[in-house]
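In case you want the letters, here they are:
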Amino acid sequence: MSAIDDVAAELARLPGIGKKTATRLTYFLLKQPRSALERLAEAITALGTRVAACSVCGNWSDADPCGICADARRDAGLVCVVEEASDIAAIERSGEYRGVYHVLGGHVSPLDGIGPEDLRIDPLRARVANGGAVREVILATNASLEGEVTATYVRGVLEPHGVKVSRIALGLPVGGDLEYADGLTIARALAARREMGS
Amino acid sequence: MPLVTTPAIILHAFKYSDTSKIVRLATREYGVQSAIAKGASRPKSRFGASLQVLSQGTAHLYFRPTAELQTLSAFDVAEQHPALAHDLGRYAAASALAELMLRCAPSEPHLALFDFVGAQLDHLATVPPQRVATAALAGLWAMVTALGFAPTVSACVRDGRALDEGAVGFSVPDGGFLCARCTRERTTTVLEGPDRRALEQLLAGSDELPAGWTSRHAAAHRRLLARFIEHHLAEGHPLKALAFWETAAWNGTS
Ligand SMILES: [Zn+2]
Ligand SMILES: [Zn+2]
């Protein structure tokens with residue numbers, strides 16, 4: 001395969017990029033100065049070499065702990081639990097949340113063979129059990145059946161630790177996925193969160 | 001391609017590309033079908049939140065009998081069963097049932113099976129908490145029976161001899177109870193009297209708690225049913241939701 005085919009094939013593997021777009025992007029890159037191509041290549045390489053999951057919250061970051069966990073102005077007693085790291089960006093967009101996060105890495109999905117043990121639930125339990133610094137855990141998993149059942153499970157795990165557990169009041173109209181909700185919707189959903197009963 | 005409308009249950013849904021979803025549907029009139037919902041992963045999709053696993057409703061499909069992948073034009077939700085998500089036992093059992101329909105149902109339409117699965121989802125969502133485990137067992141055994149693999153429990157499955165009262169052998173490969181002589185000859189699970197009666201009760205479709213029923217009994221019955229399904233229905237395919245339900249990894253007690 002030629003270098004052009006190689007690049008087009010790699011680009012075509014990206015979400016939302018078909019063969020045609022991949023070819024167009026490749027020819028666009030061909031017209032760029034060599035320095036621009038090197039910057040792009042280095043930036044992409046750095047994703048693999050410098051970025052890793054934050055050992056505290058699971059967010060992707062250059063630093064460990066990540067910028068959010070390390071920020072002393074944020075409220076470490078308030079932990080918002082999300083399915084994916086990309087959901088953090090959605091909540092940050094709301095500009096209303098001053099606590100920290102915990103990324104589960106997905107949701108319970110029996111048909112896909114994903115059980116609670118495949119998610120970062122034990123690290124969450126450890127965070128909550130560790131010294132009682134956490135006052136409240138907000139479960140912001142998606143408003144889908146899988147997101148709800150995951151929230152149910154996490155609540156059960158945290159219950160013995162006596163921490164307040166609340167559920168974000170995100171309605172299904174947005175499609176259930178946090179990443180699609182706009183900042184205002186998320187701000188409202190956070191404000192209207194409800195304590196989860198047993 | 002004609003647009004058809006049929007009652008349907010969403011058995012599985014997953015993202016396909018950045019913008020679309022693929023749903024696996026049990027349909028009343030066209031059997032189990034895969035369909036692409038174009039644009040369903042877009043923020044303001046006309047599908048909204050309608051494409052939830054285990055939802056029941058009406059599917060509008062551009063349908064071609066020979067196509068592997070149909071096109072879903074819309075899905076009108078009638079019931080999303082939110083109660084299933086408030087209890088992992090209910091959710092796991094409903095998922096295992098959906099998986100059986102997805103992997104083991106005949107390709108041609110099967111009206112009774114479709115109606116049965118719908119009724120079972122309703123039942124699992126509403127049965128009292130203490131009966132979730134038995135309702136799941138009874139429901140999955142009924143599904144096995146509806147698929148044509150009912151175990152033989154009225155006589156010895158190997159030679160038709162009458163069965164003694166009390167303890168009895170159960171052979172998964174043979175597919176049912178064994179008489180005393182066959183039990184001696186085969187390596188087999190022996191069901192003591194109460195466990196035998198519990199199994200007979202579950203096979204009769206009852207989710208009443210059998211006498212002396214504990215979480216240990218529930219676990220043993222889940223194991224037996226899972227082995228039976230793996231041997232007779234799975235054809236070597238891993239059944240992930242069934243395994244999830246069997247191990248009850250979420251608590252180990254129910
Ligand atoms: Zn962090
Ligand atoms: Zn016999």
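*Asks:* So what's going on with the nonpolar core? Residues and values would help.
*Replies:* Of all hydrophobic cores here, the largest spans 117 residues; its most connected members are V81(A), L25(B) and L97(B). The element contributing the most residues to this core is helix 1 (residues 88-104) of chain B, with eleven residues. Those residues in contact with L97(B), other than ones at most four positions away along the chain, are V117(B), Q120(B), G139(B), L140(B) and M143(B).

*Asks:* So what's going on with the sheet that holds strand 6 (residues 164-167) of chain A? Residues and values would help.
*Replies:* All names here are of chain A. Strands sit in the order 4-3-5-6-7 across an open sheet of five strands; the sheet is mixed. In this open sheet, the two strands that pair with only one neighbour each are strand 4 (99-103) and strand 7 (194-195). Inspection of the sheet shows strand 5 (residues 136-139) paired to strand 6 by four bridges, in the parallel sense. Paired with I138 across the two strands is S166, which belongs to strand 6.

*Asks:* Give me the domain arrangement of chain B: which residues, what numbers.
*Replies:* Residues and elements named next belong to chain B. Here chain B is described as being made up of domain 1 (3-79) and domain 2 (82-247). Relative placement of domain 1 and domain 2: their C-alpha centres are 29 Å apart. Each partner contributes residues to the interface: domain 1 has twelve residues there, and domain 2 has 15 residues. For the side of domain 1 that touches domain 2, the secondary-structure elements that each account for two or more residues are strand 1 (3-16), strand 2 (20-27) and strand 3 (31-37).

*Asks:* I'd like a description of the interface of chain B and chain A, backed by residues and values.
*Replies:* Counting residues at the interface gives 27 residues for chain B and 21 residues for chain A. When residues of the side of chain B that touches chain A are traced back to their parent elements, those giving at least two are helix 1 and helix 7 (240-247) of chain B. For the side of chain B that touches chain A, the element with the most residues is helix 1 of chain B, which contributes six residues. Taken together, the residues of the side of chain B that touches chain A break down into 16 nonpolar, eight polar and three charged.

*Asks:* Give a description of the sheet that holds strand 6 (residues 168-171) of chain B that names residues and reports values.
*Replies:* Residues and elements named next belong to chain B. Taking strand neighbours across the sheet as the criterion, the three strands line up as 7-6-8 in an open arrangement whose pairing is antiparallel. Of all the strands in the sheet, just strand 7 (176-178) and strand 8 (189-191) have a single pairing partner and so form its edges. Pairs of neighbouring strands in the sheet enclose a mean axial angle of 45 degrees, with direction left out of account. Sheet analysis places strand 6 next to strand 8, joined by three bridges and oriented antiparallel. Looking across to strand 8, one finds that V168 is bridged to L191.

*Asks:* I'd like a rundown of helix 5 (residues 85-94) of chain A, residues and numbers included.
*Replies:* Residues and elements named next belong to chain A. Three or more residues of helix 5 are buried, namely D87, I88, A90 and I91. The buried side chains of helix 5 occupy one side of the element, clustering within an arc of 160 degrees when seen end-on. Here the buried face of helix 5 lies against strand 3 (75-82), strand 4 and helix 8 (183-191). Downstream of helix 5 by a residue or two, G95 has a phi angle that is positive, lying close to 70 degrees.

*Asks:* Can you tell me about the domain arrangement of chain A, naming the residues and giving the values?
*Replies:* Here the domain parsing of chain A yields domain 1 (3-50) and domain 2 (60-195). Here the C-alpha centre of domain 2 of chain A lies 34 Å away from the C-alpha centre of domain 1 of chain A.

*Asks:* So what's going on with the confidence of the model for chain A? Residues and values would help.
*Replies:* When pLDDT is averaged along chain A, the result is 89, and 96% of the positions lie at 70 or above. Looking at the elements of chain A, mean pLDDT is at its lowest for helix 8 of chain A, recorded as 81, and at its highest for strand 4 of chain A, recorded as 97.

*Asks:* Help me get a handle on the environment of G169(B), residues and values and all.
*Replies:* Residues and elements named next belong to chain B. One can find G169 in strand 6. In this structure the C-alpha to C-alpha distance between G169 and R186, which are 17 residues apart in sequence, comes to 8.9 Å. With residues up to four places along the chain from it excluded, the contact list for G169 reads F177, L178, C182, T183, R186, T188 and V190.

What counts, and where the lines are drawn
Residues numbered from 1 in each chain as written. Chains lettered and ligands numbered in written order. Predicted model: local features only at pLDDT ≥ 70, side-chain atom pairs only at ≥ 80, totals over all residues. Core = buried A, V, L, I, M, F, W, Y, C linked by C-beta atoms within 7 Å. Buried ≥ 20, exposed ≤ 12 C-beta atoms within 10 Å, placed from the backbone. Helix = DSSP H or I, 4+ residues; strand = E, 2+ residues; numbered from the N terminus. Contact = placed C-beta atoms within 7 Å. Pairing = 2+ DSSP bridges. Domains from an automatic or database assignment. Nonpolar A, V, L, I, M, F, W, Y, C, P; charged D, E, K, R; others polar. Axes fitted to C-alpha atoms, helices over the stretch in contact; angles between N-to-C directions. Arc of directions from axis to C-beta. pLDDT = per-residue confidence, 0-100.

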